[in-house]
Structures are given as C-alpha cells and as structure tokens.
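# An overview of the molecular structure
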Amino acid sequence: MSALLSGTGLVRGYGSTPALRGVDLAIDEGEIVAVTGPSGCGKSTLLHCLAGILRLDAGTVTYREQDIGLWSEAARSRLRRTDFGVLFQFGQLVPELTAVENVALPLLLAGTGRREARQGALGWLDRLGVADLAEQRPGAMSGGQQQRCATARALVTEPRVLFADEPTGALDVLTGEQVLGEIVGVARERGMAVVLVTHETSVAAYADREIALRDGVLDPTGLGLGVTR
Amino acid sequence: MSTAHVLLGLLSGGPRHGYDLKRAHDERLPRAKPLAFGQVYATLGRLERDGFVAEAGQERDGGPDRTSYTITDEGRRHLDTWLSAIEPPAPYVTSELFSKVVVALLAADAGRARDFLVAQRAAHMSRMRELTTAKSAPGASVGDVVAADYSIGHLEADLRWLQTTLARVADLQKEVTS
Ligand SMILES: Nc1ncnc2c1ncn2[C@@H]1O[C@H](COP(=O)(O)OP(=O)(O)OP(=O)(O)O)[C@@H](O)[C@H]1O
Ligand SMILES: [Mg+2]
C-alpha cells in the first residue's frame, strides 16, 4: 500500500538561501507526524511545499498517487479547499468577517448551503471553546482566540490532511491542550493525517512519530530539536 | 515520598482498614508505584506507635485482617504541619543522566556521551508520547491527567537538558579532561 502523501527529493530555496536540500518523507492515512527542528531549519517551507502552496525547485509531492506538482495552480487550490486543511503559525482570519463567517467560508466555497455552513461552523467554534465569540471580528479577539477560530476553520471541511504550523505557539498550556486534543480527536475518529510543525517536545509528543530537520535535511537522530548553533 | 502522610490523608475522611487504604491509595495516585500490602501494615503500625492513628474496630466477616483504623487528633495536627511545610526546591543536583554524561567523558570520550544523550532522548520522547496518549484518551480521569502532567513536565525538563547538553558536550569534555 502506498502512502497518502509523500515527498521525494524536495528542494526549495529563496534566492540564494537553501531552505530544503533534498527531503524524503511519507505519511499514511490517519498518521500524525511532528516536524521538529531549530528555527530556520525549513519546517514551514516543508509544510508549504507539501500543501502545494510553495512551488518546488526540485523533487515531487505525491498525494493519493498523483504528482500534484504537475497540476495547475487552480487545481491545487481546489485540492486545498476539499482535501487539505491549513493552519498557519498566525491565525490569518479574514478581518472583515466575523468568527462564524470565517469558519463557514471554506464550506460555502465548497458549495454547502448557507444555513448548513453556519451550523457546521458554530459546532466547531463550540468544540474549540470559542462559541461565545461567533459574532466577533478577529480585531476584537485575542491572538489565542483567533488561533482557535482558525483551527475551527481548518477542521470544518473534514480534510484528509491537516497541515498545522505551530498551531499552539500563541496559546497557554491548557488552551493549547484543548486545540491539540481536538486535532488528535479528528485524526483518530476519521483517519485524518496531520503534519504538525512544532519546536516544543510536549507538542511533538501528540504525534505518532517525529521527523526532525536540520539545515534543510532530515536529521535521523532527532538532535535538531531546540538546539541552535 | 511520604506514604504515611497519604494514609493519614485518606483516613481524614473516616476509618478504613488496610486493604481499603491500599486500594484508595492506588486509585487516588495513579501512576505512583502501587503500595504493597506489607508496606500498608508496616506504616499503620508505625503511625499507631506514634499515636497518629488508633484501632477503630474489627470486622467479623470474611478475610483475615479486617482491623480498621482511625486518625487521632494528634494525627490531624501532624498532617496539618506536613501540609504547611514548604518542600525545599531540589537542593542538590542528583541525576543519573548528568552523572552518566560526566562519567562517559571521564572514561571514554565525547562520542560516547553523545551516543548516550541521543539514545536517552529517544527513550524519553517515547515515554512522553505514551503519557500524552494516555492523558488524551477519551476515558481518562482527572487523576490520570494530573498524574500524567506531572511526569510529562519532568520529562520535558529532562529533554530540554538533553538537547542543550548535546550542544555543549564538546565544551564540557574540554573542562572535564583538562
Ligand atoms: N520568504 C522568504 N524569503 C527568503 N528567505 C526565506 C523566506 N522564508 C524562509 N526563508 C529562509 O529559509 C530558511 C527556512 O525557513 P523556514 O521558515 O522554513 O524555517 P522554520 O523551520 O519554519 O523556522 P521557524 O521555526 O523560525 O518558523 C531560513 O533560512 C529562512 O531564513
Ligand atoms: Mg516556521
């Protein structure tokens, strides 16, 4: 059986800065994989490449046996609406929309009816403990509250793969636990795969296994974690 | 770890016999080392000698030793003093991990110390994963979560130390072997 999502020989730089220098990995359905390593080692770049947001300089990303690098931008963007959920380091909610509108947005884009989308969105805001903020705009929320809304928005479409970049970096311990608990719960209930970027060992411990990066390559010993040179 | 104080705490709610105390101890302190019956009776014996507990009666039915014990006023005062006493925050660094790194440098070299740190990190990480899974399991009790949190916090501190020490092994070796 082949993996749900895999990367082979992933290379990506920014100008003359190499960020990924040949990374191979494979993720199965329902698997939670932590991507760890010191600041600047290429974690976010790897996540963006796997999610088809960043173009590769070399290598291939395969999702359900399809090379998504060959797809058009429109096709990849559709894939991100239907199969992928993305949760960035900083919430990135639409500032003009209320919390419930933000969370309902991906459902509306996928063709769900208004009423149903709103109901779905409210359910997820509730699971993440921010139902009382449904009618607030992001500007009136704390960073952690925005992050929980963004988590609801990433999960509302029931993605097959969730890409989460430091999803709890801005949260206190107990709130972070709630967010991770929901993410893990969805992974276990529905076989969602999770790519979880983090530099915290206690967050990495929620994953089934860990992929450590160092200077843009895999570090099989896992030594990269938290050590800066 | 003060088993005597935990037993006194359990007896504050009313008399109990030894078997009952063992069960309550293991239930209230999940992930602590389970109490052996012998230890329960030995501890009760000492508490009785010191006047902190007294025999409260015998149950007729069933098993061999069904003596129940009650906490005395003196026992309550003793427990209160213990609860009010602040524990000294780790006065000495006594860690097997730390000792092993230093001895590895003395007896072998930086490579040996690094190998140990890497292997230890993997073991710590896998234990931390187990505990995290246990505490996020749907049926976990609050006691399970609190017990797991305690261990996770300590493992996390060890892990941070393993990481930073790994980065400092070369410098430490110079110091140790100079
Ligand atoms: N937009 C960009 N332009 C230029 N260089 C970039 C850009 N984004 C990242 N880089 C560089 O690429 C390398 C990898 O960056 P990346 O953001 O993937 O690291 P990271 O592991 O996510 O770090 P952090 O833990 O700090 O978020 C770094 O050297 C970084 O400076
Ligand atoms: Mg990053």
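Model, not experiment: these values are computed from the prediction.

## Overview of the confidence of the model for chain B
If pLDDT is low for a region, its predicted coordinates should not be looked at in detail. Overall, the predicted model of chain B reaches an average pLDDT of 88, with 94% of residues at or above 70. Interface confidence for the predicted complex, expressed as ipTM, amounts to 0.81; the pTM equals 0.83.

## Section: the pattern of salt bridges
Oppositely charged side chains may form a pair once their charged atoms are brought near each other. Residues and elements named next belong to chain A. The final tally for this structure, using the stated rule, is 21 salt bridges over all chains. When the shortest N-O distance is used, the salt bridge between Glu-135 and Arg-118 registers 2.9 Å. Of this pair, Glu-135 sits in the loop between helix 4 (114-127) and helix 5 (143-155) while Arg-118 sits in helix 4, placing them 17 residues apart in sequence. For Glu-135, a relative accessible area of 49% puts it in the partly exposed group. For Glu-158, the salt bridge is made with Arg-190, and the minimal N-O distance between the two is 3.5 Å. On the criterion of sequence distance, the pair formed by Glu-158 in the loop between helix 5 and strand 7 (161-165) and Arg-190 in helix 6 (residues 173-190) is long-range, its members being 32 residues apart. You can call Glu-158 partly exposed: its relative accessible area is 45%.

## Looking at the nonpolar core
Residue and element names in this part refer to chain A. Leu-125, Leu-162, Ile-183, Met-192 and Val-194 are the most contacted members of the largest nonpolar core, which has 59 residues in total. Excluding its chain neighbours within four sequence positions, the residues that come into contact with Leu-125 are Ala-99, Val-100, Val-103, Val-130, Ala-131, Ala-134, Cys-149 and Ala-152. Counting 30 residues, the second largest nonpolar core, distinct from the first, contains Leu-20, Leu-47, Val-61 and Leu-79.

The rules behind these values
Residues numbered from 1 in each chain as written. Chains lettered and ligands numbered in written order. Predicted model: local features only at pLDDT ≥ 70, side-chain atom pairs only at ≥ 80, totals over all residues. Heavy atoms only, no water. pLDDT = per-residue confidence, 0-100. Salt bridge = Lys/Arg side-chain N within 4 Å of Asp/Glu carboxyl O. Helix = DSSP H or I, 4+ residues; strand = E, 2+ residues; numbered from the N terminus. Buried < 20%, exposed > 50% of the residue type's maximum accessible area, 1.4 Å probe, protein only. Core = buried A, V, L, I, M, F, W, Y, C linked by side-chain atoms within 4.5 Å. Contact = heavy atoms within 4.5 Å.

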